[in-house]
Each structure stands twice: as C-alpha cells, then as structure tokens.
Amino acid sequence: MRIIQEECRGCIEKCSVYCPTQAIIRDDDVATIDRDRCVECYNCYRMPCCPYDCFEPEDLAWPRSFRRAMSDPITVDNRTGVSGRGTAEMKTNDVTGRIRYGHFGIGVELGRPGVGTSMRDVEKVCIALAPHISFEPKNPVTYVMKDTKTGKLREDILGEFVLSAIVEGDVLIEKLEAVLAALKEVGGEVETVFSVGLSSRVYPDGSLVFKDRLARLGYTPYLCGKTNVGLAKPAFVEELR
Amino acid sequence: MTHTLHRTGTPIDQAADYTLMAMATKDANLKGSREKLVGVLRICLKHNPINIGDTQQGDMYLLGSAEEVFKRMVDGAIAHAHFDNKENLIKSLKEIREADLGMSVIVTGLFDEVKDCCAQAKLTPHTAALSLGIWGKTELLPDKKKLDIHTMCGHAMVPVALLDSVIAKVKQQKLTIEEAAVELTKPCVCGVFNPTRAAELLRRLL
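Student: So, the overall build of chain A: which residues are in play, and what are the values?
Tutor: For chain A, the helix and strand inventory stands at 8 helices and 13 strands. Counting only residues that meet the buried cut, chain A has 54% of its 241 residues in that class. When contacts within chain A are restricted to residue pairs at least 6 apart in sequence, long-range pairs at least 24 apart make up 73% of them.

Student: Lay out the overall build of chain B in plain terms, naming residues and giving numbers.
Tutor: Helix and strand counts for chain B come out as 10 helices and 6 strands. The C-alpha radius of gyration of chain B comes to 17 Å, within 12% of the 17 Å expected for a compact globule of 206 residues. Principal-axis analysis of the C-alpha atoms places the extent of chain B at approximately 50 × 35 × 30 Å. Looking at the 206 residues of chain B, the share that counts as buried comes to 59%. Sequence separation of at least 24 residues holds for 73% of the intrachain contacts in chain B that already meet a minimum separation of 6.

Student: Before we move on, could you go through the interface of chain B and chain A and cite the residues and values that matter?
Tutor: Between chain B and chain A, the contact holds 69 residues from the first and 69 residues from the second. Of all the secondary-structure elements, those providing two or more residues to the side of chain B that touches chain A are α1 (11–14), β1 (18–23), α5 (86–99), β5 (104–110), α6 (111–120), β6 (127–136), α7 (144–150) and α8 (160–171) of chain B. Looking at the side of chain B that touches chain A, the element that brings in the most residues is β6 of chain B, giving 10 residues. Sheet analysis places strand β13 (residues 224–228) of chain A next to β5 of chain B, joined by 5 bridges and oriented antiparallel.

Student: Give me the nonpolar core: which residues, what numbers.
Tutor: Side chains that are nonpolar tend, in soluble globular proteins, to be buried together. In terms of nonpolar packing, the biggest core is built from 137 residues, with Val125 of chain A together with Leu37, Val40, Ala79, Met103 and Leu184 of chain B touching the most fellow members. Ignoring anything within four residues of it in the chain, the contact list for methionine 103 of chain B reads Leu231 and Ala232 of chain A together with Ala22, Met23, Ala24, Ser33, Lys36, Leu37 and Val40 of chain B.

Student: So what about the confidence of the model for chain B? Which residues, and what values?
Tutor: Fine structural detail should not be taken from predicted coordinates in areas where pLDDT scores are low. Looking at chain B, pLDDT values average 96 and 99% of them are 70 or higher. Both scores are available for the predicted complex, with the pTM at 0.96 and the ipTM at 0.96.

Student: Please provide a residue-by-residue account of the environment of tyrosine 18 of chain B, values included.
Tutor: All names here are of chain B. For tyrosine 18, the position within the fold is in strand β1. Each C-alpha atom, one on tyrosine 18 and one on glutamate 113, is 9.8 Å from the other, the two residues being 95 residues apart in sequence. Every residue in contact with tyrosine 18, bar those within four places of it in the chain, is listed here: Phe83, Lys86, Leu89, Val107, Thr108 and Gly109.

Student: I'd like a rundown of α8 of chain B, residues and numbers included.
Tutor: Residues and elements named next belong to chain B. Helix length check: α8, at 12 residues, gives a terminal C-alpha distance of 17 Å against a target of 16 Å (1.5 Å per residue), a fit within 8%. If you check which residues of α8 are buried, you get Val160, Leu162, Leu163, Ser165, Val166 and Val170. Where the residues of α8 are buried, they touch α7, α9 (177–185) and α10 (195–205). With its phi angle positive at about 60 degrees, glutamine 173 sits one or two positions after the end of α8.

Student: Any chance you could break down the environment of phenylalanine 104 of chain A for me, citing the residues and the numbers?
Tutor: Residue and element names in this part refer to chain A. The topology assignment puts phenylalanine 104 in strand β5 (residues 103–110). Distance in space between the C-alpha atoms of phenylalanine 104 and proline 57 is 40 Å, their sequence separation being 47 residues. When sequence neighbours within four positions are dropped, the list of residues in contact with phenylalanine 104 reads Ile99, Val171, Ile173, Leu176, Leu198, Ser199, Ser200, Val209 and Phe210.

Student: Describe in detail the domain arrangement of chain A, supporting the description with residues and values.
Tutor: Interface size is commonly expressed as the accessible area that is lost once the parts come together. All names here are of chain A. Taken domain by domain, chain A comprises domain 1 (9–58) and domain 2 (68–217). For domain 1 and domain 2, the distance between their C-alpha centroids amounts to 31 Å. With 7 residues of domain 1 at the interface, the matching set in domain 2 holds 8 residues. Of the residues in the side of domain 1 that touches domain 2, the class split is 4 nonpolar, 1 polar and 2 charged.

Student: Describe the packing of α9 of chain B against α10 of chain B, and please don't skip the residues or the numbers.
Tutor: All names here are of chain B. Where α9 meets α10, the closest approach of the two axes is 8 Å, and the angle between their N-to-C directions is 125 degrees. Accordingly, the angle class assigned to the pair α9 and α10 is oblique. Viewed along their axes, α9 and α10 form a crossing whose handedness is right-handed. Of the residues in α10, those touching α9 at Ile177, Glu178, Ala180, Ala181, Val182, Leu184 and Thr185 are Pro195, Ala198, Ala199, Leu202 and Arg203. The residue inventory of the contact of α9 with α10, partitioned by class, reads 9 nonpolar, 1 polar and 2 charged.

Student: Break down the sheet that holds β1 of chain B for me, with residues and values.
Tutor: Taking strand neighbours across the sheet as the criterion, the 11 strands line up as β7(A)-β11(A)-β5(A)-β12(A)-β6(B)-β13(A)-β5(B)-β1(B)-β4(B)-β2(B)-β3(B) in an open arrangement whose pairing is antiparallel. Where the open sheet ends on each side, the last strands, each with one partner, are β7 (134–135) of chain A together with β3 (58–59) of chain B. Taken together, the 2 bridges between β7 of chain A and strand β11 (residues 165–172) of chain A define a ladder with antiparallel strand orientation. Considered in β11 of chain A, the bridge of phenylalanine 135 of chain A is made with glycine 169 of chain A. Against the sheet, helix α5 (residues 119–129) of chain A makes contact with β5, β11 and β12 (193–201) of chain A, and its axis sits at roughly 5 degrees relative to β11 of chain A, the strand it touches most. The strands touched by helix α2 (residues 33–45) of chain B within the sheet are β1, β2 (51–54), β4 (79–83) and β5 of chain B, with β4 of chain B carrying the most contacts at an inclination of about 15 degrees.

Here is what the cut-offs are and how they apply
Residues numbered from 1 in each chain as written. Chains lettered and ligands numbered in written order. Predicted model: local features only at pLDDT ≥ 70, side-chain atom pairs only at ≥ 80, totals over all residues. Helix = DSSP H or I, 4+ residues; strand = E, 2+ residues; numbered from the N terminus. Buried ≥ 20, exposed ≤ 12 C-beta atoms within 10 Å, placed from the backbone. Contact = placed C-beta atoms within 7 Å. Rg over C-alpha atoms; globule rule 2.2 N^0.38 Å. Pairing = 2+ DSSP bridges. Core = buried A, V, L, I, M, F, W, Y, C linked by C-beta atoms within 7 Å. pLDDT = per-residue confidence, 0-100. Expected span 1.5 Å × (residues − 1). Domains from an automatic or database assignment. Nonpolar A, V, L, I, M, F, W, Y, C, P; charged D, E, K, R; others polar. Axes fitted to C-alpha atoms, helices over the stretch in contact; angles between N-to-C directions. Parallel < 35°, antiparallel > 145°, perpendicular 65-115°, else oblique. Left-handed = near helix turned anticlockwise from the far one by under 90°.

Below, the structure is given as structure tokens:
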C-alpha cells in the first residue's frame, strides 16, 4: 500500500486508526506508510477513511505478496479456495475428513489477536511442533515450508511481517502432552502472541478426543467453541473403530 | 481462518453471541455453491440476524444491506449470519437442515449451548474446535475489556486504535454508543462482529 502524498492533507487521525499495525505515520505534514510495519491488509483502502482517496494499492511482488495473503481476509488462496488465512481447518471436515477419530487437529495462529508476527517467529513454532505433528498439506504456511520434517521455512519468506499465520496439523491423541509442552516452551521464545485451537471429531456420546486429557493436564479451554453440524454433501464417511 | 474461535468474554456476554457460517469445499461441492450459500443466508435473514456478511465481499454494514451482500457473493463465498440469541439460531438451523443444501455449516458460541441448539434442530455435531487461549508474549495485548471487543473480528480488522477513537467520539458526544458500535462493525468484512454486544461492552468502558 502507498499513500499519494501529493494529495494527502495530513489528517492522519482519520486513517491511522484503521491500521492494525500502526503503520500509517506522519512524515512532515503528510501521512506515509512504514513499509516494515505494513502487512498489506488493505483495511485503510477498503474503509472510507480518507476523504481524498490517497490510498493506492501497489503491485506486490513475492515475497511481499505473502503479507497480503496472510493479512487481508478478502484474499482467496487459489490452491485451497479459501479466503481469510487460506485454510479451511475443521470447518469443512464433514467433507474432507481432515480430522479423524483418535486424532486431533491443531491450529496455532501466530500474531493473533492483533499483534502481528514475523515469519521467523512462525518458523520457531513450526520447528517446535515438527517432531510431534503432521503438517496440514493444504495450508499456506505449509506451502512455504522447506522441509515438513524439520518445520524450517523458505529463506525468502523469513523477513516478512504478517498480521497472523496459522500453523496447522494432524496429531495422534497420545502426543497431546508433548505438543502442549513444546508450545509452552516456544511461547517463551517468540516476540509475539499466538492463539491455540484444538479440534476433534465429535464421538457418538458427544465427547471430544482431548477434553478429559486436557483437564488432567491442567488446561481449561474457553467456554466458546466451534461446531461443524455435519450437513455437507458429499459427506466423508468414517467408521468409528 | 479460525476467525470466530478465539473470542474472549464472560459467559453472560457470550450467551448473546452466535455465529453461523456456511462454506463449500474446493474439488468437492464448490461449483454452483453460490446459490446454496445465498440460500443459507436467506433462511437466516428470516430470523433476525444482527449481521450478515461474506468474507470475500464485506458485511451488510459496509456494503449497505444484506441484499447487497447476496448480490456480490460468488461460488466459494464464505457466508456468515450473526445472532444475538439462541432461539433465532435454532430456528435457522432447523430450516437449513430441512432445506438440505449440502454446504458445511459451522456454529460458534458457548459450546454447551450450541450442543443444545443442535439437539433442538435435530442435528448431530460432526467436528468441534475449542480454544486454549492466547500464549506467548501476552504483555503485548490490550486490557481485557478492549480485547473482548477486538477479538470479535478474528482477522484483527477492528484495531484497538479505532476502538479508542470511537470511545473518544462518544465522550465528545460526536457519536452515540450505538453509532460507535456500528463504526466498529464495518471493517469486519466477514460479518461476524456483534454490534449489540459491542454497544454493551462500550457502555462498560465509558
């Protein structure tokens, strides 16, 4: 994103409040974009906050285009067909069968809520989880992984700063404790926050694969949750053994 | 895209906060999904949602109306309707089940309450997700009351700076609390931001 400075009248208080990373700053009498902080989320462009239409999108070359893919919820990842952060996670599990009985899905969203993250911090979490999880193949972070066994990301992406990025994978339930321990440790090493979500098939008695184990390990999930109500067709069929 | 999972807040506040989402899957049921997804939202529209939106186009507050959202939706849209009570959610779920549109439908809200809604709508939950909250450098977060508003847009399009700005305008009597809540709702393109709850939370912040 850029600001057409010849048109800007310097009323920065109108536009800067729409920037989630405080990247709209004053430069003499006009506004400008701090390109290191800007995550290309387009919120300033989409919202009618500039009376003089000074915001102008740029042609984003790789790897800067990755910022927009991970920050502007309107962008659709063509490989997954999903907007937002580019992955469907459990939301279409009634079609994909991504999360099976005896396993759980994990989604670690770096930078959320509202802090943003460097891709170097994303890599730290990937490396911490790599020994324990199978990274989800249809996920934008996995797409930029150099090696899914080590969790290392491509070097060209490491200098980028994004609003959030979801590290996602499939895990055998027996590895729950190890995964949470790894996350706890890496949580002390990153310069950002991350939100952790776990997903499970709902068993016939209404239970989730991880709930009792979480309680035994001393973790209390939020009361608010997300439920796929199983209406999609064609349905993925899995027998409970 | 766990955009509704990590909403913070008290159980009392969240008892008036339910998102219904519908989406298709690439290589499975995406082709021709536009009409089905609009169909889901038209059912919801009969039961007084407080917000409607499509992640790829915007919400009814930004675009002007639910009809404008429907008009712009395409195959693969990610459709949302937001409710501030269980009863309207249950009525919507019942009709969506009967319509048999074949889209994935996901509900976010107090987990046990959603379980009850599914039972009343004769639906069997397939998969569920729970949040283990926020980890890492949590000292970077705003205070709890502001976080409850900010996390209603999981994509962080409602910055804390905007929240501070509308609070200042309410104090200066340039906006009413309800108008301020609508200003906060507009940037959340998905339509999952709850203006009713935002107004209540703003009232407590002032």
